[in-house]
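Take a look at the letters that make up each chain.
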Amino acid sequence: MSEVSVPPTQVLENPDGTKTVVSYRVENGKKLRVTQKVREIKVTEKVNKSVASRKHWKKFGAEANSAPGPDYSTTQLGEELLLRLGTSWKKLEEEEEQKAKEAKGGEKLITCRTCGGNHYTMHCPFKDTLGDASAAAASSAAADPAVESEAAAGALETGSIIGGKYVPPSRRAGARDPSSNNNFDAYRDQRERDDAKTLKIMQLNENADENTLRYELLFPFGRIPKVVVVRNRETGRSRGIAYVTFETEEIAETALNFLNGRGFMNLILNADWSKPKVKE
Amino acid sequence: MRPILLKGHERSLTQVKFNREGDLVFTCAKDNVASVWYSINGERLGTFEGHQGTIWSIDVDQSTQYAVTGSADFSIKLWKVEDGTNVFTWKTKTPVRRVEFSPAGDRILAVLDGVMGYAGSVSVYELKRDAQTQEVVDVVEQPLFDILTREGFEIAAVAAWSFGGNYIVAGHKDGKVSKYDGHTGDFVDAAELHTQSVSDIQFSPDGTYFITSSRDSAARLVDMETLEVLKTYETDCPLNSACITPLKQFVILGGGQDAKDVTTTSSREGKFEARFYHKIFQDEIGRVKGHFGPLNYVAVSPQGTSYASGGEDGFVRLHHFDKSYFDFKYDVEKSAEAQKHMQELESAAA
């Protein structure tokens, strides 16, 4: 093997500041040429001398025997906070509260069985006029089984009692069976992330934290409700994966097309849906 | 902005301090242990153990070599920050409510409580340091001087050094603020600034003016030379602490209702928020929620890039400001800047 002569490695300086390294090697009796294009970046970080020396101090007191790095029992990360500075912050906050209240009111916590209004059935102002009508409908339905389904549909709008009988929510028309596998929403936890709007971004630089992602990578995509960088629990170092939830599915899709294969902090990103989409 | 929660104390926090470079955070609480943390990630470097009672106050010198704590166990302790060893202990007549190093680090002021027949005082203790290494070579056990509570004043609650250690400013329980010569302890001036107890005094980075906070729900920015009120910040709850942010023209106020009323109201009504006011315009410009008890102390790093708050709930919340904080400007500031820019362009063209 050694008789196959190998030319020395060549390093060429390119005009754009990059270097081309051409090296040769022998593998299985074949001579191979490897051409690499390299860009060298020097990152300088200025740290106060005394601060740097303090970083190497040994722990003492109650921490004398603890491992390096923050201890989860004493140090935890809090929830993301929004410090919105401005003279009108009070107004903004009030507006938001009002909106939240309205959204809650929109769901109608109380529904009248007689008229469907936002009050208790017993307080219904139309009790006298409408109350008899629904009772009559129910009784006529019981008398004539042919119109039962129709009456049931009518009763559904007014309440869950059909012909004086209670019908559990799962048996009502339009209800989904929670035991079947083809609907995921039935017992879904609201706090879980919405996979339809969430991307998984892989091959991130280790130094990229939530804020860097927000301000340097994701700023074109409007408000980002949630960015989570997956970290090692012990050391707190990023594992190069982040889950990003976007406002809408459309934005998430444009972001996916934009981010996948794009370079960010010297690494080429790999973006995908957080869970593979179910094919319809 | 994601706060780092420091849960090293079992009881309510009494003081939180940054060192000069802002890389370490010193905390003390009503349990008997003081802690020091790295501010960058919230890792605890160690604890100072040895006090027998509530530690009311902690301070660190300019070179981050020594820390001093004042405790309700009638003592002041000097610690080496590097390894947490207790260098010296001063015995005092009454509990110590506040301690602070002079800017040069050669003197320590201590506010002594007025109990058990003692009138209460601001006492100054002396250290002898090596001129080269700043190491403490000798400690004087007897105080250099005691500033006893004057006639017509209630006892001092807090005190602080001015620029160069030239003056000592003390805040009293009756809302008065008094000024003394830092070298001799002679009375210089006094002013009635608040109607209730002064809860905190913190100086500006250059030591020429300070902010007082009071239980009467107001904080005031006061000139050190004349004791003249420069600005007033009115809030709707008793204040425990106030600080002046470097870098940006803000002040941060912390407070909340009395600890004894906390259990009777919801955390929403308790007003347990850090309030940001614009230092010049005196407007409230934002709040940071998070604590579920009153804030006992707020401190901002000397670089102005992070702040920490210690609460009655036993937590320290350490916040590193994000971009929106540094970008915030009033419209008038923005237009003034634009005008300046235009003038520069014009002068460059001419």
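These numbers were taken from a predicted model, which means no experiment stands behind them. Sequence positions are assigned chain by chain, starting from 1 and proceeding in written order. In the order they appear in the text, chains get letters beginning with A and ligands get numbers beginning with 1. In keeping with the predicted nature of the model, local features appear solely for residues at pLDDT of at least 70, side-chain atom pairs appear and are counted solely at 80 or more, and the whole-chain, interface and lining totals rest on all residues. Derived side-chain values reflect all non-hydrogen atoms in the structure, with water molecules and hydrogen atoms excluded from consideration.

Caption draft 1: Main features of the overall build of chain B. A run of DSSP states H or I qualifies as a helix once it reaches four residues; a run of E qualifies as a strand once it reaches two. Both are numbered from the N-terminal end. Of regular secondary structure, chain B possesses two helices and 29 strands. A 1.4 Å probe rolled over the protein chains alone gives each residue an accessible area, and that area as a share of the maximum for its type sets the label: buried under 20%, exposed over 50%, partly exposed in between. Looking at chain B as a whole, 60% of its 350 residues qualify as buried. Contact between two residues is taken to exist if any of their heavy atoms lie within 4.5 Å; hydrogens are not considered. In chain B, 44% of the contacts between residues at least 6 apart in sequence involve partners at least 24 apart. Only the protein chains shown count as cover for residues, and the accessible areas themselves come from Shrake-Rupley with a 1.4 Å probe. Split by element, the accessible area of chain B, about 13600 Å² in all, is 49% carbon and sulfur.

Caption draft 2: Summary view of the overall build of chain A. Counting its regular elements, chain A contains six helices and twelve strands. In chain A, buried positions account for 23% of the 280 residues. Considering only contacts within chain A whose residues lie at least 6 apart along the sequence, 40% involve residues at least 24 apart. Surface summary for chain A: the accessible area is close to 20800 Å², and the carbon and sulfur share equals 51%.

Caption draft 3: Broad picture of helix α5 (residues 210-217) of chain A. For α5(A), the complete set of buried residues consists of A:Glu210, A:Thr212, A:Leu213, A:Arg214 and A:Leu217. In this structure, the buried residues of α5(A) make contact with β8 (226-231), β9 (238-245), α6 (249-259) and β10 (263-264) of chain A.

Caption draft 4: Local environment of the pattern of salt bridges. For this analysis, a salt bridge means a side-chain nitrogen from Lys or Arg found within 4 Å of a carboxyl oxygen belonging to Asp or Glu. Per the stated rule, a full pass over the model turns up 22 salt bridges over all chains. B:Glu43 is the partner of A:Lys59 in a salt bridge, and the nearest nitrogen-oxygen pair spans 3.0 Å. You can see A:Lys59 sitting in the loop between α1 (49-54) and β4 (75-77) and its partner B:Glu43 sitting in the loop between β4 (33-38) and β5 (44-49), one on each of two chains. For the pair A:Lys59 and B:Glu43, a shared accessibility class is recorded, and that class is buried. Between B:Arg44 and A:Glu63 there is a salt bridge; the shortest N-O distance is 2.8 Å. Separated into two different chains, B:Arg44 in strand β5 and A:Glu63 in the loop between α1 and β4 make up a pair that spans both. The pair formed by B:Arg44 and A:Glu63 is uniform in burial state, with each residue classed as buried. Each member of the salt-bridge network shares a partner with another, and the members are A:Arg54, B:Arg20, B:Glu21 and B:Asp23.

Caption draft 5: Local environment of α6(A). Residue and element names in this part refer to chain A. Every buried residue of α6 is listed here: Ala-252, Ala-255, Leu-256 and Leu-259. The buried residues of α6 occupy one face: seen down the axis, they fall within an arc of 105°. Exposed residues pointing more than 90 degrees away from the buried face of α6 are listed as Glu-250 and Asn-257. For α6, the secondary structure elements touched by its buried residues are β7 (198-202), α5 and β12 (270-273). Gly-261, located one to two residues past α6, shows a positive phi value of around 85°. To obtain the arc, one takes the directions from the helix axis to the C-beta atoms.

Caption draft 6: Region of the structure containing the confidence of the model for chain A. Residue and element names in this part refer to chain A. Overall, the predicted model of chain A reaches an average pLDDT of 76, with 74% of residues at or above 70. Scored between 0 and 100, pLDDT is the confidence that the predictor attaches to each residue. Across chain A, the element-wise mean pLDDT spans from 45 in helix α4 (residues 148-158) up to 90 in β7. This stretch, residues 136-158, has a pLDDT under 50; its non-local contacts, to residues over four places away or in other chains, come to twelve contacts.

Caption draft 7: Layout of the interface of chain A and chain B. Between chain A and chain B, the residue contacts involve 36 residues of the former and 48 residues of the latter. The contact between chain A and chain B buries some 3500 Å² in all, and 57% of this surface belongs to carbon and sulfur atoms. In this structure, the connection of chain A to chain B is made through four salt bridges. Residues A:Arg54 and B:Asp23 are paired through a salt bridge, measuring 3.0 Å at the closest nitrogen-oxygen approach. Reported buried area values correspond to the accessible surface (1.4 Å probe) lost by two parts on association, with both partners' losses combined.

Caption draft 8: Fine view of the side chain of B:Lys279. Residues and elements named next belong to chain B. For Lys-279, the position within the fold is in the loop between β25 (274-278) and β26 (284-288). Neither His nor the chain ends contribute to the count of charged residues, in which Lys and Arg are positive and Asp and Glu negative. Buried within the structure, Lys-279 lacks any salt-bridge partner; its nearest side chain of opposite charge belongs to Asp-206, at an N-O separation of 7.9 Å. We define a polar contact as two N or O atoms separated by no more than 3.5 Å, with the added condition that, inside protein, one atom must be a possible hydrogen donor and the other a possible acceptor, whereas residues neighbouring each other in sequence contribute only through side-chain atom pairs. Here Tyr-209 takes part through its side chain, which lies 2.8 Å from a polar atom of the side chain of Lys-279. Leaving out residues up to four positions away in the same chain, Lys-279 has contacts with Tyr-209, Leu-221, Lys-231, Tyr-233, Ile-244, Gln-249, Phe-250 and Val-251.

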